[in-house]
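# Topology and contacts: notes
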Amino acid sequence: MQVLYFAWVRERIGLPREEIETTAETVNDLIAELRTREARYDMAFADTTALRVALDQELSEFDAPLKGVREVAFFPPMTGG
Amino acid sequence: MQVLYFAWVRERIGLPREEIETTAETVNDLIAELRTREARYDMAFADTTALRVALDQELSEFDAPLKGVREVAFFPPMTGG
Amino acid sequence: MIRVQAMPFDSGGELNIFSASVAGAGAVVSFTGLVRDVSGGLSSIEIEHYPGMTEKALGAIRADAMQRWDLADALIIHRFGALDVGETIMMVATASRHRKDAFEAAEFLMDYLKSRAPFWKREVTADGADWVASRAEDEDALKRW
Amino acid sequence: MIRVQAMPFDSGGELNIFSASVAGAGAVVSFTGLVRDVSGGLSSIEIEHYPGMTEKALGAIRADAMQRWDLADALIIHRFGALDVGETIMMVATASRHRKDAFEAAEFLMDYLKSRAPFWKREVTADGADWVASRAEDEDALKRW
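Residues numbered from 1 in each chain as written. Chains lettered and ligands numbered in written order. Predicted model: local features only at pLDDT ≥ 70, side-chain atom pairs only at ≥ 80, totals over all residues. Heavy atoms only, no water.

### Focus on the packing of aromatic side chains
Residue and element names in this part refer to chain B. What the rule picks out here adds up to 24 aromatic pairs over all chains. With centroids separated by 4.8 Å and ring planes inclined at 80 degrees, the aromatic side chains of F45 and F74 adopt a geometry described as edge-to-face. Separated by 29 residues along the polypeptide, F45 in the loop between α3 (39-44) and β3 (52-55) and F74 in strand β5 (residues 71-75) bring together distant segments of the chain. A single burial state applies to F45 and to F74, both of which are buried. (Phe/Tyr/Trp six-rings, centres within 6.5 Å; stacked < 30°, edge-to-face > 60°. Helix = DSSP H or I, 4+ residues; strand = E, 2+ residues; numbered from the N terminus. Buried < 20%, exposed > 50% of the residue type's maximum accessible area, 1.4 Å probe, protein only.)

### What to know about the pairing of strand β2 (residues 27-34) of chain D
Most of β2(D) is tucked away, with eight of its eight residues classed as buried. Across the two faces of β2(D) the burial is the same, with A27(D), V29(D), F31(D) and G33(D) and V28(D), S30(D), T32(D) and L34(D) all buried. Pairing analysis gives seven bridges linking strand β2 (residues 27-34) of chain C to β2(D), with the strands arranged antiparallel. Directly across from V29(C), in β2(D), lies its bridge partner F31(D). Summarising the sheet, β2(D) and strand β6 (residues 88-96) of chain D pair through eight bridges and their orientation is antiparallel. (Pairing = 2+ DSSP bridges.)

### Considering the pairing of strand β3 (residues 42-49) of chain C
Residues and elements named next belong to chain C. With six of eight residues buried, β3 is to be regarded as a mostly interior element. Inspection of the sheet shows β3 paired to strand β7 (residues 119-125) by seven bridges, in the antiparallel sense. By the bridge assignment, E48 is partnered in β7 with W120. Two elements, β3 and strand β5 (residues 81-84), share four bridges in a ladder whose sense is antiparallel. Considered in β5, the bridge of S44 is made with D84.

### With respect to the relation of the copies chain D and chain C
The operation relating chain D to chain C is a screw motion whose rotation component is 180 degrees, with 0.0 Å of axial translation and a residual RMSD of 0.0 Å. Taken together, the rotation and translation describe the operation of a two-fold axis. Using C-alpha coordinates, one finds that chain D approaches the rotation axis most closely at G12(D), a distance of 1.8 Å. Looking at chain D, 100% of its interface residues are interface residues in chain C too, so the copies touch through the same face. (Least-squares fit on C-alpha atoms with pLDDT ≥ 70 in both. Contact = heavy atoms within 4.5 Å.)

### Examining the interface of chain C and chain B
The interface is formed by 25 residues belonging to chain C together with 20 residues belonging to chain B. Buried area between chain C and chain B, both sides added, is near 1,800 Å², and the carbon and sulfur share of it is 56%. A per-residue breakdown of the area chain C buries against chain B is headed by Y50(C), M53(C) and W120(C), which together make up 35% of the total. The tally of links between chain C and chain B comes to two salt bridges. At the junction of chain C and chain B, the tally comes to 13 residue pairs in polar contact (both at pLDDT 80 or more). Secondary-structure elements contributing two or more residues to the side of chain C that touches chain B are β3, α2 (53-68), β6 (88-96), α3 (99-116) and β7 of chain C. When residues of the side of chain C that touches chain B are assigned to their parent elements, the largest contribution, five residues, is made by α3(C). Grouping the constituent residues of the side of chain C that touches chain B by class yields 14 nonpolar, five polar and six charged. (Buried area = accessible area lost by both parts, 1.4 Å probe. Salt bridge = Lys/Arg side-chain N within 4 Å of Asp/Glu carboxyl O. Polar contact = N/O pair within 3.5 Å; in protein donor to acceptor, adjacent residues only side chain to side chain. Nonpolar A, V, L, I, M, F, W, Y, C, P; charged D, E, K, R; others polar.)

### A few points about a negative patch on the surface
Together, D37(C), E123(C), D127(C) and D130(C) make up a region of like negative charge exposed at the surface. Note that D127(C) resides in the loop between β7 and β8 (128-131). (Patch = residues over 30% accessible without salt bridge, like charges linked within 9 Å, V, L, I, M, F, W, Y side chains within 5 Å. Areas by Shrake-Rupley, 256 points an atom, 1.4 Å probe, with all protein chains shown as cover. Lys, Arg positive; Asp, Glu negative; His and termini not counted. Charge placed at Lys NZ, Arg CZ, Asp CG, Glu CD.)

### Some words on the interface of chain D and chain C
Facing 33 residues of chain D, the contacting portion of chain C comprises 33 residues. Both faces considered, chain D and chain C share a buried interface measuring about 2,600 Å² in area, 51% of it formed by carbon and sulfur atoms. Linking chain D to chain C there are four salt bridges. Taking the shortest distance from any N to any O, the salt bridge between R99(C) and D138(D) comes out at 2.9 Å. Scanning the region where chain D abuts chain C turns up 21 residue pairs in polar contact (both at pLDDT 80 or more). Of all the elements in the fold, those that place two or more residues in the side of chain D that touches chain C are α1 (11-21), β2, α3 (99-116) and α4 (136-141) of chain D. Top contributing element to the side of chain D that touches chain C by residue count: β2(D), with eight residues. Here the residues of the side of chain D that touches chain C are counted per class, giving 14 nonpolar, ten polar and nine charged.

### Describing the arrangement of the chains
Pairwise contact counts over the three pairs of chains in contact peak for chains C and D. Separated in space, chain B and chain D share no contact, their closest pair of C-alpha atoms being 10 Å apart.

### Thoughts on the pattern of salt bridges
In total, this model carries 38 salt bridges over all chains according to the counting rule given. Salt-bridge contacts for R37(B) lead to E18(B); the nearest nitrogen and oxygen are separated by 3.2 Å. Taken together, the residues span a long stretch of sequence, with R37(B) in the loop between α2 (27-35) and α3 and E18(B) in strand β2 (residues 17-19) at a distance of 19 residues. Connected via shared salt-bridge partners are R99(C), D111(D), R135(D), E137(D) and D138(D).

Next comes the structure, spelled out in structure tokens:
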């Protein structure tokens, strides 16, 4: 699964994307798994209310299932326009 | 007093402006006076709900006094924009 | 700025000049009105206006908008005379720090301009020329403000 | 039409092209967003986006607007990358037979674009660079639709 990071999430984690092998069933499960990896992940995901997630380029919820998903993206609330 | 006509009011009366000597106290009085002049005036002013009036270039009411007014304009509802 | 003119104008060019002139206001809204042959057969329109009163009325509407909203500037350009299908009739533009102010003020300018500025449109077709009737919904639109 | 690009663009020129392309729609509304140094000290901004998702999200927002209002067309152009003070960040334009539809649809596009399209702005000053925080009022603006 491709995991992408944008804006300050990308900066805290230190890379824009990575391939992750996971058996996580939901976005929340994936986040819990990532937080156990390293302090930078733990810090980036500390407050999920400040985060948004997209599954295969569609905005989604944190309790959404990951089955069949090929691309997960984490980022702060958007500030376009 | 200068009296101006615009759009179909101008067309019905047949001229864009004229100097009128009057002792009319209000716009309604002036209209009553004009209607006695000729059929084209009578026709133009037959339905005042289809007309608007400006006194010295400010939109006004038909019962407004004419004292001190130098320019009266009659026209249909505006269609700008 | 208020401009009442017979001459055609370039609305995109005017928008660029306006945007460049309003340092500090990041939100610019414009409305452009164009002559369209909606029902078929329109060859041109003619716009009559009331010189003197037109400029006063537009100036008052603009001043009202500048007071009601947090605007850096507001522009109104309106043509009179003969216009062909496809030509630009008029434009308004507003600039603010807030997009909501820029949008609302532009709508306000349009609503007032439609039924409180002394312009009268006539549509010219092969069958002759007819004065455009005012619409009740344009009068109703003023109640919002 | 949707365009996501690093290149500067001429919003007035784009407005003219858009207006000329929508025969039948006499009301054209545009919104232009510009980089402004409101509080002093801003030297530039940087816009990050999510290639692929950006185009999808803008296309979905545009399609939604085309369905909700009687529009002849709707345009969204949004830049990414580095932008200097005074440069144009983005524009939307809508064309309709009815000014109310053109205005509402343009506001809708802006409200959704602000908080549902994957762009992130960073402000660069002499002291460093800071990500622009999202605003609760931008999220609230969506409740209107």
